[in-house]
Structures are given as C-alpha cells and as structure tokens.
Amino acid sequence: MKINAKHIAAFMLSVVIGNAQAETNWDMPTPYGDSNFHTANILEFAKDVKEATDGELNITVHSGGSLIKHPEIKNSVRRGLVPIGELIMSRLANEDPLFEVDSVPFLASNYDEAWKLYQASRDVLAERLERQRLKLLFAVPWPPQGIYTRFPVETGEELQGVKMRAYNKSSERLAELLGAVPTQVEVPDIPVAFGTGRVDAMITSPSTGANTRAWDYLSHFNHAQLWLPKNMVIVNSKAFEGLPESTQKAIETAAAEAEKRGWDASKAETDAKIAIMEENGIVVSEPSDALVKRLKEVGATMEQEWLERAGKDGKALIEAYRAL
Ligand code: PCA
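Keep in mind that this is a model prediction, so the values were computed, not measured.

Here is what the cut-offs are and how they apply
- Residues numbered from 1 in each chain as written.
- Predicted model: local features only at pLDDT ≥ 70, side-chain atom pairs only at ≥ 80, totals over all residues.
- Heavy atoms only, no water.
- Near = heavy atom within 4 Å.
- Polar contact = N/O pair within 3.5 Å; in protein donor to acceptor, adjacent residues only side chain to side chain.
- Areas by Shrake-Rupley, 256 points an atom, 1.4 Å probe, with all protein chains shown as cover.
- Nonpolar A, V, L, I, M, F, W, Y, C, P; charged D, E, K, R; others polar.
- Helix = DSSP H or I, 4+ residues; strand = E, 2+ residues; numbered from the N terminus.
- Expected span 1.5 Å × (residues − 1).
- Bend = angle between axes of the 7 residues up to and from the residue.
- Contact = heavy atoms within 4.5 Å.
- Pairing = 2+ DSSP bridges.
- Axes fitted to C-alpha atoms, helices over the stretch in contact; angles between N-to-C directions.
- Phe/Tyr/Trp six-rings, centres within 6.5 Å; stacked < 30°, edge-to-face > 60°.
- Buried < 20%, exposed > 50% of the residue type's maximum accessible area, 1.4 Å probe, protein only.
- Right-handed = clockwise from strand over helix to strand, strands pointing away.
- Salt bridge = Lys/Arg side-chain N within 4 Å of Asp/Glu carboxyl O.

K.L.:
Would you mind showing me how to read the site of the ligand here?
P.N.:
Every residue lining the ligand is accounted for by Tyr 32, Ile 88, Trp 142, Gln 145, Arg 165, Tyr 167, Val 187, Thr 204, Ser 205, Thr 208 and Pro 229. In the environment of the ligand, an oxygen atom lies 2.5 Å from a nitrogen or oxygen atom belonging to the side chain of Ser 205. In this structure, a nitrogen atom belonging to the ligand sits 2.7 Å away from a side-chain N or O atom of Thr 208. Look at the ligand: alone it shows 260 Å² of surface, and the protein chains cover 99% of it. By residue class, the composition of the shell around the ligand is six nonpolar, four polar and one charged.

K.L.:
Any chance you could explain helix α10 (residues 289-323) here in plain terms?
P.N.:
The periodicity of an α-helix, 3.6 residues per turn, causes residues three or four places apart in sequence to face the same way. The end-to-end C-alpha distance of α10, which contains 35 residues, comes to just 29 Å, noticeably less than the 51 Å that a straight helix rising 1.5 Å per residue would cover. The largest bend along α10 measures about 120° and falls at Gly 311. On its buried side, α10 packs onto α4 (111-130), β5 (146-149), α5 (169-177) and β9 (220-222).

K.L.:
Help me understand the sheet that holds β5 in this model?
P.N.:
Note on sheets: strands pair through backbone hydrogen bonds, and any given pair is parallel or antiparallel. Taken in spatial order, the six strands make up an open sheet running β7-β6-β8-β5-β9-β11, and their pairing is mixed. Of all the strands in the sheet, just β7 (181-184) and β11 (283-285) have a single pairing partner and so form its edges. Across the sheet, the axes of successive neighbouring strands diverge by a mean angle of 25°, strand direction being ignored. Both strand β6 (residues 163-166) and strand β8 (residues 201-204) contribute to a ladder of two bridges, which runs parallel. Bridge pairing in β8 links Met 164 to Ala 201. Relative to the sheet, α5 contacts β6, β7 and β8, its axis offset from that of β7 by approximately 160°.

K.L.:
I'm lost on the packing of aromatic side chains in this one. Help?
P.N.:
Remark: the centre distance and the inter-plane angle together describe each pair of aromatic rings, the angle taken between the planes. Enumeration according to the criterion identifies eight aromatic pairs in this entry. Their ring planes at 65° and their centres at 5.8 Å tell us that Trp 115 and Tyr 118 sit as a pair that is edge-to-face. Taken as a pair, Trp 115 and Tyr 118 lie in helix α4 at a separation of three residues, close to a single helical turn. Between Tyr 118 and Trp 263, the aromatic rings sit 6.0 Å apart at their centres with planes inclined by 25°, giving stacked as the arrangement. Taken together, the residues Tyr 118 in helix α4 and Trp 263 in helix α9 (residues 245-279) connect sequence positions 145 residues apart. Assessed through its relative accessible area of 4%, Trp 263 is described here as buried.

K.L.:
What am I meant to see in the side chain of Ser 171 here?
P.N.:
Assignment of secondary structure puts Ser 171 in helix α5. A polar atom in the side chain of Ser 171 sits 2.9 Å from the backbone nitrogen of Tyr 167. With residues up to four places along the chain from it excluded, the contact list for Ser 171 reads Ala 166, Ile 203 and Trp 227.

K.L.:
Even after reading the chapter, I still don't get the pairing of strand β2 (residues 57-62), so can you show me in this structure?
P.N.:
Remember that side chains alternate between the two faces of the sheet whenever the strand is regular. Only one face of β2 is covered, namely the one carrying Leu 57, Ile 59 and Val 61; the face carrying Asn 58, Thr 60 and His 62 has none of its residues buried. Of the pairings in the sheet, the one linking strand β1 (residues 24-29) to β2 comprises six bridges and is parallel in character. By the bridge assignment, Trp 26 is partnered in β2 with Ile 59. In this fold, β1 hands off to helix α2 (residues 37-52), which returns the chain to β2; that crossover is right-handed.

K.L.:
I would appreciate a short explanation of the environment of Phe 194 in the present structure.
P.N.:
In this fold, Phe 194 is placed in helix α6 (residues 190-195). On a C-alpha basis, the gap between Phe 194 and Lys 50 in space is 40 Å, while along the polypeptide they are 144 residues apart. Ignoring anything within four residues of it in the chain, the contact list for Phe 194 reads Arg 150, Val 199, Asp 200, Ala 201, Met 202, Tyr 217 and Leu 218.

K.L.:
Whenever I open this one, the pattern of salt bridges confuses me. Can you help?
P.N.:
Pairing between side chains of opposite charge can happen when the charged atoms of each approach one another. Applying the stated criterion across every chain, the model contains 21 salt bridges. Lys 260 is the salt-bridge partner of Asp 264, the closest N and O atoms lying 3.0 Å from each other. Here Lys 260 and Asp 264 lie together in helix α9, a separation of four residues that amounts to about one turn. Because the salt bridges share partners, they merge into one network encompassing Asp 96, Arg 128 and Asp 313.

K.L.:
Help me understand α4 in this model?
P.N.:
A rise of 1.5 Å per residue sets the reference length of α4, with its 20 residues, at 28 Å; its end C-alpha atoms lie 27 Å apart and thus fit the reference within 8%. Tyr 111, Ala 114, Leu 117, Tyr 118, Ala 120, Ser 121, Leu 125, Ala 126, Arg 128 and Leu 129 are the residues of α4 that are buried. Those residues of α4 that are buried are in contact with β4 (134-141), β10 (230-236), α9 and α10. A side-chain oxygen of the first residue of α4 lies 3.1 Å from the backbone nitrogen of Asp 112; this N-cap is Asn 110.

Written out as structure tokens, the structure is:
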C-alpha cells in the first residue's frame, strides 16, 4: 500500500481522537480551604495520579466548598454528579452511627489509638460505603479536638449557655451536655459566624483554629484532646470501574501514599499550629483535673448513647478495637 496524504491525515485524526478518549477529567469537590493540610495532601494526590497515568486522569480539586458545599458532597459523588470528593466521615452519622465512631469522646484521643480505631473500622466502613456504590480511597485524621473560648475554662461550668460552634453530631451533643447552645457552622463560614455573634465559642483542632485566625475573635484554647475525626476521600464505584485497570491501580497507589502522608502531616500539625496560636496571643492550656472529670462524664454518656444507636455492629467494632 502506498502511503499518501489521505492516509496520514486519517492517522493523525485517529491519534487526536485516541488521545481525547484516553484523557479523563475529574472534578473533585473538597470542603476545606487551600491553607488546610488535608487540601494540600489532596492536591498532591491529584498530581501523583496525573503523573502516574501520563496525564490520562486529570483531577481538578475544588477546595473550600467552592464547587459543592460540604453537606452535599457525599450525595453528589453517589449520584455521579462528580466522580470523587472529600468529606468528614462523621457527617454521615445520621445515616449510620458507625461513621461517627471516631468522634466518640476519649475512645481514641491520640494518634496511636486513632490508627488502631481506623484499622478496626476501615473494612466495615468501606463495606457500608460500597453498598451505596462508593469506594473508600483513604482517610486522614484531624489533630485532636479542643475547646476555644473568650475566657478560661476551668471546670466546664463556664460553658453554660454559651453559643458554641459545632461541625458534627458529636460536637453538637458534647456542647449540649455541657449546657452550651450548639450551632452547626462549616469552616469557611467560621469568621462570619463569630463576627456576627452567631457563635461565641467552638470545638475544633489547632489546625482549624490557626487556619481561621481564631485570635481575631477568641482568646483561649483548651487542648482537651477529645477525639480525632477523620476526613475521607470517596469515589463513585461506577466511575472508578469505568477506568482502565492501570489507571485504577495508579489511583490506589496514590491513595495509599496520600493516606500515609496525611497521617504524618496531621501529627506535625498539632504542635506547629499550637505554636502559631501562641505567637498570636491565644492562651493555650491543658485541661484541669476538674475539667477532665467533667468531660469524661460527658464522654461516658456519649459512648453509651453511641452504643445504643450502633447496636451489635457497634459493639463488635469496639471489641475489635480494644483487642488490637
Ligand atoms: N476541623 C474541622 C473538622 C474537625 C477539625 O479539626 C472543623 O472544624 O469543621
């Protein structure tokens, strides 16, 4: 066969079309801002996937709830509106209490315990997600949660009647049991919520405290180390299975690396962000014996309530965790 211009044109066209078909673009909504370590980790994950697939899968991260607001992210991934997204696991507490096991006070309040709890719960959580055709790619904890106020907290009594910002069911219930008045506020809305007087205190990590410039509206941080809630990255199973096998593998490898990198980054955050808060005038303190006692009482009530909600699967999960 003689190669002529027509053949070459047809070949060029097939190359262009071939490339266009091989290249997949994914939009990925995340709830937290660019200065957050979770977002930085996810940007790196997206970069790793792109590199490993030679640009065949290009994930564009839309941080800070800019594409889809936090409360909608899970269902958007489930419905296939977007193929992949990040959210805090405990946000799914209303559909299944197992998703908030990482937010039961003092059940796992340091990194070693949090890792064990994750090991004990990962499979069952992945399986619950798979029932909704969602694949769990990786999960990374926030630093331990503490209490931010405009006054010192010595016994917990001081929190009576205080309007307290919460972000999941556990932070809401903890506030309630301490006699405070909880209000759900997403991280990007924190400065306005304080500015307009909707809230006067909050439960969150040193990370989110520093990222939202807590010193502009608060003065004290109590490093109570209540729990370490996790963010997770989920992908629509159908979208995942529609990818070539090599791309699926590349995602899984990048996810495993992101998980490890994320846990390390989270550990480094605690001290780094506490130092930034101190530099900016926040008074950081460890909880007094009286406060520990009060928080442990409230924690015991919440663990009991959680066990009642989570039934025998919850009991089995706790037993698996304690056996590790
Ligand atoms: N930051 C997020 C979740 C937990 C945390 O440390 C928040 O405050 O909403």
